[in-house]
Amino acid sequence: MAITHATSDVPEVDPLVPTGAPGELLPGYASGPDSFGFWGMLGLITTEALLFSSLIASYFYLRFRAGPHHWPPAGIAPPELTLPLIMTAILWSSSIPVHLADHAIRRGSQRGLRLGLLGGFLLGATFLGLQLIVEYPKTLDLFTPRTNAYGSLFFTLTGFHGFHVLVGLAISVFVQIRAWQGAFDRHRHLMVRNFAMYWHFVDAVWALILCTVYLSPRL
Amino acid sequence: MATVHDATSSSSPSLEEMWGEPQGLGSWLSTVDHKRIGMKYLVTAMVFLVAGGVESLIMRAQLAQPNLHLISPEVYNQLFTMHGVTMMFLFATPVLSGFGNYLVPLMIGARDMAFPRLNAFGYWVFLASGIFLYSAFLTGHVPDAGWFNYVPLSGPRFAPGINIDFYALGLIFVAISTTAGAINFIVTILKMRAPGMSINRIPIFVWGELAMSFSIVFALPTLTVACVLLELERKFGFHFFDAGHGGDPLLWQHLFWIFGHPEVYIIILPALGMVSALIPTFTGRRMVGYIWIVIAEMATALIGFGVWTHHMFTTGLPQVAISFVALSSFFIAIPSGVQIFAWIATLIAGRPRLKTPMLFVLGFLLVFVIGGLSGVMFAAVPFDQQVHDSYFVIAHFHYVMVGGLLFPLFGALYYWLPKMTGRMMGEGLGKWSFWTMFAGFNVCFFPMHVMGILGQPRRTYTYQAGLGWTGPNLISTIGAFLLGLGIALTFWNWVWSRWHGAPAGNDPWGGDTLEWATTSPPPEYNFETIPTVASLEPTWDQPNLRDGAQPPEAGGRPLLGGHLTLSTSLLDGTPRAVVFMPHATLAPVIASLGLLVGFWGVVFGAWLLAGVGATVFAGGMIDWFWPRHQTQET
């Protein structure tokens, strides 16, 4: 008989599968470091981290080429900090419900999972909304990506990060649909853990963006 | 519901039923079998080798005599650009992914790659990006600023058409494929090795693929960023490289070479791994200094990240930076030297058999050493400033690339094609091919050292008579065609062996790694039982492996409970879990098609078309991640 994992009928215990070696039974499902997906997500995060590093390196390269007294260039004030700091608070707090969701499903709590995912989604969407609807229009009144290299870098770095938030939100929608279908339980939640890893990564990268784009010009 | 199942009961399906894929032509679209994907990579990459080769032959014909006008200067620019882009991104890296895809799971005793559908996706994206780049020929707007595409020549002011957009978007496109493949290799090699294959029993070729994959994950994003910035500057008027608006053209060179130099090692490391796989088999002796070779490979991959500015010695960088990079450029010769001495020691200590694969290895040794020595010459800054951007660079570069990649690769073809097709390649024809290639290569590229020292700049469309360049150029052109002929002989041999080759049997060469412990070609499930490995040369030390499946009493694991493979621990290879693998699916090919349409939409500024492409891509992704059958994901 084959082992079935019909999504409506998930066994509540970890299935054990014989390998054929005498008496050997191994888990038929793994999440975390015994699964391939965990390492695949780490690989993706590594290569994404290098993408952001290259962008930030480009920022500082052009900044140092511009010389000490030309950043931001004449005519552009250093970035306003109030709104970015509020956005930061919102984005970073979005990691908390995602973390709670991740741990809720390890205890088997479907409700905690769904609420946590939803909370993370709403906070992330608020961050992205503030960036697109409030911050960008305000900034575009001062300078645009076409004004000079400073403007290009500002919008490329923050936009690239915003795009990652958008991808994270899309993945979140997918995971939430699966969560409402009851696809996850105490043992089967690879997708939740991998999504959480990605989400925390996107939040962590924001720390670098914040320091580079918003804080460093005021130094 | 019962959670434990009797693997030996007669009601459980056979391996054929569980691993068999649909047959017929359509199944080549949906297959997730690493062997068929590897074969597709291999054949497609060879098609691009022919394309890049034909481009170079046209250039050599144009340069055979002074003042020729076979093609226009514009076409010449397009040819040398596409030659470089094709050879680096559409031939060298994918062909190694092809060999890796086919061989890595077999060599580590696994039943597939870690992510079979990502594997299929990687192939289709590679093919789609190749089609995308070559579709530039249909529009008449072929990239023409060289494979390293320096700004401002490639910027919006001096390259207003869409030529360079094909370059920038095409490289972003192909980077998706390469990255996907690299992550897949890393997880496969770290997590899927047969029980007992601890980290000090990994075959050297597999180490090479691992080093290549790590280099890709760390280096390629920089190229992607460079291309994204360039495309933003070209299409949307951003400023990164435009000095008039606070940008700096040197930023492009830094980003490009931070990727570009490791790229050389990305290509060479697995090829050196191939050499290390062939030498023990054809000398009948264990590799001397296994651990030193592995350390050398890793050191090469690391130091490769510290030498990028040696491509920029003539740009007026600060003296300190130049000194640092010059030093690490000298250093990088050391690990290569370690490997070369280990190979020579193995050759001396063993009894070399001069079969065709071994001839290619010997040819490699000679050519690669010459290429390495001229590389050390470049690390000397004053010499570099003298021959910078001359034909001397082309000579060095091809000695390293053709020597370091093409010769090992062709040796590997003769060595492993019998495993893949079940038939031997012709030995006589193989030797003819080798000698033609070896002679053609040296006749073509050795004179370029002379041309470079005589001052002939690279990328020249034509030249005046009476500069002393005429003779070497003619000789070089003759050599190029001879090299082409030698390559064609091997291709003919490949086709010929398909029908007329002698049956190979499981192990025609007496090899020492696990791929020889199964049939040629291997069944869909690779091994009837996943073996337990007890040494670095398992098929030499464990005679029961050669007789077919290792029985469960001896450690073999049949894994009959489903479409299963084994997850093992990172360092010592103890079994940790069984993993359900996905079945054949069309999702990867659909998603890649969406990407192709999307990239076309962007290059022509047809945003509706781009939207259609993105939608198709998203559909493919949803189909991909929607769990069905018994896959691991959820």
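Bear in mind the structure is a predicted one, so any value in this text is a computation, not a measurement.

A.B. asks: Just checking my understanding: could you explain helix H19 (residues 587-603) of chain B for this structure?
C.D. replies: Note on helix geometry: an α-helix contains 3.6 residues per turn, so any two residues three or four positions apart are oriented the same way. All names here are of chain B. When the terminal C-alpha atoms of H19 are compared, their 25 Å separation across 17 residues agrees well with the 24 Å that a helix rising 1.5 Å per residue should span. Within H19, twelve of the 17 residues are buried, which leaves the element mostly enclosed by the surrounding structure. Summarising the contacts, the buried residues of H19 are in contact with helix H2 (27-30), helix H5 (116-134), helix H7 (163-191), helix H8 (204-236) and helix H20 (607-625).

A.B. asks: Any chance you could explain unusual backbone geometry here in plain terms?
C.D. replies: Trans peptide bonds make up most of the peptide bonds, and negative phi angles are found at most residues other than glycine. Residue and element names in this part refer to chain B. Val151 connects to Pro152 through a cis peptide bond whose omega is 0°. With respect to the helices, strands and loops of the structure, Pro152 is situated in the loop between helix H6 (136-139) and H7. The omega torsion of the bond from Ser520 to Pro521 falls at -15°, within 30 degrees of zero and hence cis. Within the secondary structure, Pro521 sits in the loop between helix H17 (470-500) and helix H18 (538-541). Here the phi dihedral of Asp389 falls at roughly 55°; this positive angle occurs in a residue that is not glycine.

A.B. asks: Would you take a moment to explain the packing of helix H15 (residues 391-421) of chain B against helix H16 (residues 427-453) of chain B for this structure?
C.D. replies: A packed helix pair is summarised by two numbers, namely the angle formed by the two axes and the spacing between the axes. At a minimum axis distance of 8 Å, the contact between H15 of chain B and H16 of chain B shows a crossing angle of 170°. Looking at the two axes, H15 of chain B sits roughly antiparallel to H16 of chain B.

A.B. asks: Explanation requested: the interface of chain B and chain A in the structure shown.
C.D. replies: Frequently, the measure chosen for interface size is the accessible area that the parts lose on association. Counting residues at the interface gives 60 residues for chain B and 59 residues for chain A. In total, about 5200 Å² of surface goes out of reach between chain B and chain A, with carbon and sulfur atoms giving 68% of it. Between Arg557 of chain B and Glu24 of chain A there is a salt bridge, with its nearest N and O atoms 2.5 Å apart. Elements supplying a minimum of two residues to the side of chain B that touches chain A: H7, H8, helix H9 (249-283), strand E1 (564-568), strand E2 (575-580) and H20 of chain B. The dominant element in the side of chain B that touches chain A, judged by the number of residues it contributes, is H8 of chain B, at nine residues.

Cut-offs and rules
- Residues numbered from 1 in each chain as written.
- Chains lettered and ligands numbered in written order.
- Predicted model: local features only at pLDDT ≥ 70, side-chain atom pairs only at ≥ 80, totals over all residues.
- Heavy atoms only, no water.
- Helix = DSSP H or I, 4+ residues; strand = E, 2+ residues; numbered from the N terminus.
- Expected span 1.5 Å × (residues − 1).
- Buried < 20%, exposed > 50% of the residue type's maximum accessible area, 1.4 Å probe, protein only.
- Contact = heavy atoms within 4.5 Å.
- Axes fitted to C-alpha atoms, helices over the stretch in contact; angles between N-to-C directions.
- Parallel < 35°, antiparallel > 145°, perpendicular 65-115°, else oblique.
- Buried area = accessible area lost by both parts, 1.4 Å probe.
- Salt bridge = Lys/Arg side-chain N within 4 Å of Asp/Glu carboxyl O.

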